[in-house]
Amino acid sequence: MKRVFDRSVARLAGLGLLALLALSGCGGGASTEENPITTGPAAGPTYTGPAPATADIQAFRINFWENVRGANRCGNCHTAGGQAPQFARSDDVNAAYQQAGGIVDRQNPSQSIIVAKVGGGHNCWLADAGACASIMTRWITDWVGASGIGGRTIELIEPVSKDPGSTRHFPPTAPPSYYTDVGAQRSVHKLLMTYCSDCHRSTAATKQSPFFAAADEEESYQAAIAKINLDDPVNSRFVIRLGRESHNCWENLTGNGKTNCQNAADDMQAAIQLMTDAIPVQQLDPNLVTSKALKLIDGTIASGGNRYENNLIALYEFKSGQGTTAFDTSGVDPAADLTLSGAEVSWVGGWGINIRSGKAQASTTASRKFQQLISATGEYSIEAWVVPGNVTQEDARIVSYSGSTNTRNFTMGQTLYNYDFFGRSTETGANGTPQLSTADADERLQASLQHVVMTFDPVNGRRIYVNGEFTGDLDSAGGGTLGDWDNSYAFVLGNEVSNNRQWQGVVRLVAIHNRALTLAQIQQNFEAGVGEKFFMLFGISHLVNVPKAYVLFEAQQYDSSGYLFTNPKFISLDTSAMPGSIALKGMRIGVNGAEPPVGQAYRLLDTAISDANYAAATGQTLSTVGTIIPLEQGPTSDEFFLCFDQLGSRSNVCSQYASAVPVDPHARATARPSDIGVRTFDAINATMAAVTGVSPNTAAVKSTFTNVRQSLPAIDSAGAFLASHQTAIAQLAIQYCDALIESSAATTYFPALDLNGAPATVFGAAGPTAGKDALIDPLIANMVGSNLTSGPSALELKNPYTPGNTATEGPTRPGLYDLIDTLKVCSGQSCNGRTKLIAKATCGAVLGSGAVLID
């Protein structure tokens, strides 16, 4: 990792002031206007000028210049004879290259002046300025960052030093009084209820999260916290959304010189200010041993660091956080931007989308690039960071490039615990079948954040990798070619294009590559992680005698309620500095001038920072665990600091350990989970195979299991068991019993039973039981067991109720004896093979019963 600690704002201004001023002369200031892109940038004139003089100028031409010189990007102003700097001139690529030097930071592309300009809205060609900045960064990185590993690099930037401040804190549970009750003046809750309830409530016809307009005050308050800035109400998200972004303005006042939107913003700001004034300011004890303070956004952006992206053709990082478009920021035209549609597709804090009902889909025109660019190489990779909503979904589509439920080019899907890979080639059908799936027993898919990569190449065919590991599942179809791919299909996330293969879960990143990634490249991307992550440098040089000393954390907004802090280490940005010997005990993470009572995973830390354990390149790791710190005011407002019980020669206990919460004796006891449940689909199949001795790979058995698998129980709760589950279980049980009775092992399984005899002879009269027991006893011994502490006895299974006084014994219910006696009645030709049929039916009754199912 490079350490760049002299890149201050002053340095950037010093190097690029003239270029920055020149750039500001073109375009409409900071406003963002969309220039629709359908087939790439408007091309400049065919280039006939001097050839690139060096390899670097050639890289500049291919990766940057050709992308920006279009008339709808930078070529309308920054051309020969036009606005300086003339980096988009089309007459001489060498001259353009020289002009670009002042606006590009080769060591840290994301800090380039031109990135800052488009990120601020200057001539952005998309509706989201952040997406333009990401794409511009990628073009610069592709030009200057073509290193051996083919990835992005992260450079640490020294933050501005500031002390932790005092602040106000939201009450953790019940809303403050002025959130809901302001008397005659409208409160925050009343404004939200009155003007935002058409969308931002769970019962709305067009519901949109967060549900801060809920009628329930507590629900509304918890959803609104992240939108309110207690320290600076004017910068609350609610106020900005109304006043600066003109969202859902409601006021219609005249004569005060303000727009409707500004009037609405003023109303909201006044309501927030009234609530804020009633919350006391908490002062930080000046005697505490504390680091310097940081907001999350003050850290160095660590997202996507060191990712391998040399053959990227589409990338979705979901940075926008709002609106109905997820932008393709690969920089490869045409951009296959996704339109979010459906009742429940929402943005996730820290970058991502949560799909509950709906999808995100690109147009067929933009999707055509997948067919064109992948067919040119004959191989591809689908990469995704996902959090499946559950492990009960079946035939659900996570990422798909398809035309219907039975035509596709490729699909990443889910079936229960399995990832499915449908891939069309000359060796498979138009639906990409037979699909390659992860092994049932491995249960690779879990309802947690997972990195999933599916690759295809003509030699190996399809392969699946989960969390940086090859699953070992081999493609029986082999390789093949992609010449029959259809370019009329659409790229879609979370569903099928026909809207009938819903997948539920969170998508954090999706990337499509037109090469098959190697295991090393996949592991590189897995290690890089996902989401809006930051390297946070908490300054401690004022506490220890080490220049440019920091405690570095990897941090990110984990979800809409908290932050994830992990992997703290001591590091100095002075590569010649050594720590000597520094004692460190009891480190806490503070937020907004106070120590949260939860998430303090480092309060018992007791270690020493020393020369022996310190490496100049990587620092010294203090802990390998992570922790969740509650979100208070949101990632743009929450200020963090570290507090130490001891650091070097300084000590002062941060706080006493949080007192135990007393148990309320009047609180209602939580229902205890049941001790019993039911076996799930794979467990049922494995159990039936074990107790019958029939291989689950027997053709008829395997076919039946495949057909009924989705109808078998997927969770072990007895309360979730349905009649449809029992029907599927009965079908599978009969198939196992049929295979057993028809096999040569039947004579060993039933040693005293003549399966070829006449039923009247084998099973005898209605009274005697010897013949019936020859069939039933082996079934009970193998499938149920004996001398159990709980469960039915052999007698109860054979004849559960003896006919008699039903008033005292209950109604008469049939047992296995009654089943055999009923089925053995036959005459003439109907008796042929009847004994085997009776044996199969009786076997199925036991195998499909609760005695085998209940776990």
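Residues numbered from 1 in each chain as written. Predicted model: local features only at pLDDT ≥ 70, side-chain atom pairs only at ≥ 80, totals over all residues. Heavy atoms only, no water.

Trainee: Explain the overall build of the protein chain to me, using residue names and the numbers behind them.
Mentor: Within the protein chain, the regular secondary structure consists of 23 helices and 30 strands. Burial statistics for the protein chain: of 855 residues in total, 49% are counted as buried. A total of about 37,500 Å² of accessible surface is found on the protein chain, and carbon and sulfur atoms cover 51% of it. (Helix = DSSP H or I, 4+ residues; strand = E, 2+ residues; numbered from the N terminus. Buried < 20%, exposed > 50% of the residue type's maximum accessible area, 1.4 Å probe, protein only. Areas by Shrake-Rupley, 256 points an atom, 1.4 Å probe, with all protein chains shown as cover.)

Trainee: Describe the layout of surface pockets, naming the residues involved and giving the relevant values.
Mentor: In this structure, the second largest pocket occupies an estimated 880 Å³ of space. What lines the second largest pocket is a set of 26 residues, and nearest its centre among them are Asn418, Ser437, Asp440, Thr706 and Arg709. Elements that contribute at least two residues to the lining of the second largest pocket include exactly strand 15 (418–423), helix 13 (681–692) and helix 14 (699–708). The element contributing the most residues to the lining of the second largest pocket is helix 14, with four residues. Looking at the lining of the second largest pocket residue by residue, the class counts come to five nonpolar, twelve polar and nine charged. (1 Å grid on protein atoms, 1.4 Å probe; cavity = no way out; pocket = protein on both sides within 12 Å on 5 of 7 lines; lining within 4 Å. Points joined across faces, edges and corners; volume = space filled by probe spheres on them. Nonpolar A, V, L, I, M, F, W, Y, C, P; charged D, E, K, R; others polar.)

Trainee: Could you give me a rundown of the side chain of Ser425, with the residues and numbers involved?
Mentor: Its place among the elements puts Ser425 in the loop between strand 15 and strand 16 (436–437). Among all residues touching Ser425, those that are not within four sequence positions of it are Phe456, Gly479, Thr481, Leu482 and Asp484. (Contact = heavy atoms within 4.5 Å.)

Trainee: Can you lay out the state of the cysteines for me, pointing to particular residues and giving the numbers?
Mentor: All told, the structure shown has five disulfides when counted by the stated rule. For Cys643, the disulfide goes to Cys654, at an S-S distance of 2.2 Å. Its S-S torsion of approximately -110° makes the covalent link between Cys643 and Cys654 left-handed. With Cys643 in strand 29 (residues 639–647) and Cys654 in the loop between strand 30 (650–651) and helix 13, this pair connects stretches of sequence that are eleven residues apart. Here the two residues Cys643 and Cys654 agree in accessibility, since each one is buried. Disulfide pairing places Cys826 opposite Cys831 at an S-S distance of 2.1 Å. Residues Cys826 and Cys831 share a disulfide whose torsion about the S-S bond is about 115°; that sign makes it right-handed. In this structure Cys196 is not part of a disulfide, and its nearest cysteine sulfur, from Cys199, lies 8.5 Å away. By relative accessible area, which is 14% here, Cys196 ends up buried. (Disulfide = S-S within 2.5 Å.)

Trainee: Which residues make up a negative patch on the surface, and what values do they have?
Mentor: A contiguous patch of negative charge, built from Asp181, Asp216, Glu217, Glu218 and Glu219, is present on the exposed surface. With respect to the secondary-structure elements, Glu218 resides in helix 8 (residues 217–224). According to the relative accessible area criterion, Glu218 is partly exposed, its value standing at 31%. (Patch = residues over 30% accessible without salt bridge, like charges linked within 9 Å, V, L, I, M, F, W, Y side chains within 5 Å. Salt bridge = Lys/Arg side-chain N within 4 Å of Asp/Glu carboxyl O. Lys, Arg positive; Asp, Glu negative; His and termini not counted. Charge placed at Lys NZ, Arg CZ, Asp CG, Glu CD.)

Trainee: Quick one: what's the story with the packing of helix 18 (residues 770–784) against helix 22 (residues 834–847), residue by residue and with numbers?
Mentor: Their axes nearest at 10 Å, the elements helix 18 and helix 22 cross at an angle of 30°. With respect to their mutual orientation, helix 18 and helix 22 come out roughly parallel. At the point where helix 18 passes helix 22, the crossing takes the right-handed sense. In contact with Leu775, Ile776, Leu779, Met783 and Val784 of helix 18, helix 22 contributes Ile838, Ala839, Thr842, Cys843, Val846 and Leu847. A class-by-class count of the residues in the contact of helix 18 with helix 22 yields ten nonpolar, one polar and no charged. (Axes fitted to C-alpha atoms, helices over the stretch in contact; angles between N-to-C directions. Parallel < 35°, antiparallel > 145°, perpendicular 65-115°, else oblique. Left-handed = near helix turned anticlockwise from the far one by under 90°.)

Trainee: Break down the packing of aromatic side chains for me, citing the residues and quoting the values.
Mentor: In the structure shown here, the tally under the stated rule is 33 aromatic pairs. Measuring from centroid to centroid gives 5.5 Å for Phe60 and Tyr97, while their planes differ by 75°, and the two rings are edge-to-face. In this pair, Phe60 is assigned in helix 2 (residues 55–68) and Tyr97 in helix 3 (residues 93–100), connecting sequence segments 37 residues apart. As far as burial versus exposure is concerned, Phe60 and Tyr97 are alike and both buried. A ring pair is formed by Phe410 and Trp485, whose centres lie 5.9 Å apart and whose planes are at 55°; its orientation type is tilted. On the criterion of sequence distance, the pair formed by Phe410 in strand 14 (residues 407–415) and Trp485 in the loop between strand 19 (469–470) and strand 20 (490–493) is long-range, its members being 75 residues apart. This pair shows no difference in class: Phe410 is buried, exactly as Trp485 is. Connected via pairs of aromatic rings, a cluster forms that spans Tyr316, Phe370, Tyr380, Tyr401, Phe410, Phe421, Phe456, Trp485, Tyr489 and Phe491. (Phe/Tyr/Trp six-rings, centres within 6.5 Å; stacked < 30°, edge-to-face > 60°.)

Trainee: I'd like a rundown of helix 5 (residues 129–144), residues and numbers included.
Mentor: Given a rise of 1.5 Å per residue, 16 residues ought to cover 22 Å, and the 23 Å separating the end C-alpha atoms of helix 5 matches this to within 8%. By the criterion of burial, helix 5 is predominantly enclosed, with 13 of the 16 residues buried. Two to three positions downstream of the cap, the backbone nitrogen of Gly130 sits 3.1 Å from a side-chain oxygen, assigning the N-cap of helix 5 to Asp128. (Expected span 1.5 Å × (residues − 1). Polar contact = N/O pair within 3.5 Å; in protein donor to acceptor, adjacent residues only side chain to side chain.)

Trainee: Outline the environment of Ile676, listing residues and values.
Mentor: Turning to its location among the elements, Ile676 is positioned in the loop between strand 30 and helix 13. Separated by 41 residues in sequence, Ile676 and Ser717 place their C-alpha atoms 8.1 Å apart. In this view, Ile676 contacts Ile854 and Asp855; residues no more than four positions away in its chain are not counted.

Trainee: With reference to specific residues and values, describe the packing of helix 18 against helix 21 (residues 816–823).
Mentor: At a closest axis distance of 10 Å, the pairing of helix 18 and helix 21 adopts a crossing angle of 120°. By the angle class used here, helix 18 and helix 21 are oblique. Here helix 18 and helix 21 pass one another in a crossing that is right-handed. Residues Lys772, Asp773, Leu775 and Ile776 of helix 18 lie in contact with helix 21, whose contacting residues are Leu816, Tyr817, Ile820 and Asp821. Looking at the contact of helix 18 with helix 21 residue by residue, the classes come out as five nonpolar, no polar and three charged.

Trainee: Tell me about the environment of Ala528, and name the residues and values.
Mentor: With respect to the secondary-structure elements, Ala528 resides in helix 12 (residues 519–528). Residue Ala528 is classed as buried on the basis of its relative accessible area of 9%. It is 6.1 Å that separates the C-alpha atoms of Ala528 and Asn306, two residues lying 222 residues apart in sequence.

Trainee: If you had to explain the pattern of salt bridges to someone new, which residues and values would you point to?
Mentor: Scanning the model with the defined rule gives 34 salt bridges in all. Between Arg397 and Glu496 there is a salt bridge whose closest N-O contact spans 3.1 Å. Placement of the pair is Arg397 in strand 13 (residues 396–404) and Glu496 in the loop between strand 20 and strand 21 (505–513), with a sequence separation of 99 residues. Residue Arg397 shares its accessibility class with Glu496, and that shared class is buried. Sharing partners across several salt bridges, the network here consists of Asp395, Arg397, Arg408, Glu496 and Arg501.

Trainee: For the nonpolar core, give the residues involved together with the corresponding values.
Mentor: Counting 92 residues, the largest nonpolar core has Phe370, Phe410, Phe491 and Met783 as its most contacted members. Per-element accounting of this core gives the leading share, eight residues, to helix 15 (residues 723–741). Not counting the four nearest positions on each side in its chain, Phe410 is found in contact with Ile374, Tyr380, Ile382, Val399, Ser400, Tyr401, Phe422, Gly423, Trp485, Phe491 and Ile512. (Core = buried A, V, L, I, M, F, W, Y, C linked by side-chain atoms within 4.5 Å.)

Trainee: I'd like a description of unusual backbone geometry, backed by residues and values.
Mentor: Note the cis peptide between Ala84 and Pro85, where omega equals -5°. Take Pro85: it is sitting in the loop between helix 2 and helix 3. With omega at -5°, the peptide bond leading from Asp333 into Pro334 counts as cis. Positive phi outside glycine occurs at Lys548, with the angle close to 50°. Here Lys548 is to be found in the loop between strand 22 (533–539) and strand 23 (549–557). Backbone geometry places Asn592, a non-glycine residue, at a positive phi of 50°. Within the element layout of this structure, Asn592 appears in the loop between strand 25 (581–591) and strand 26 (606–610).

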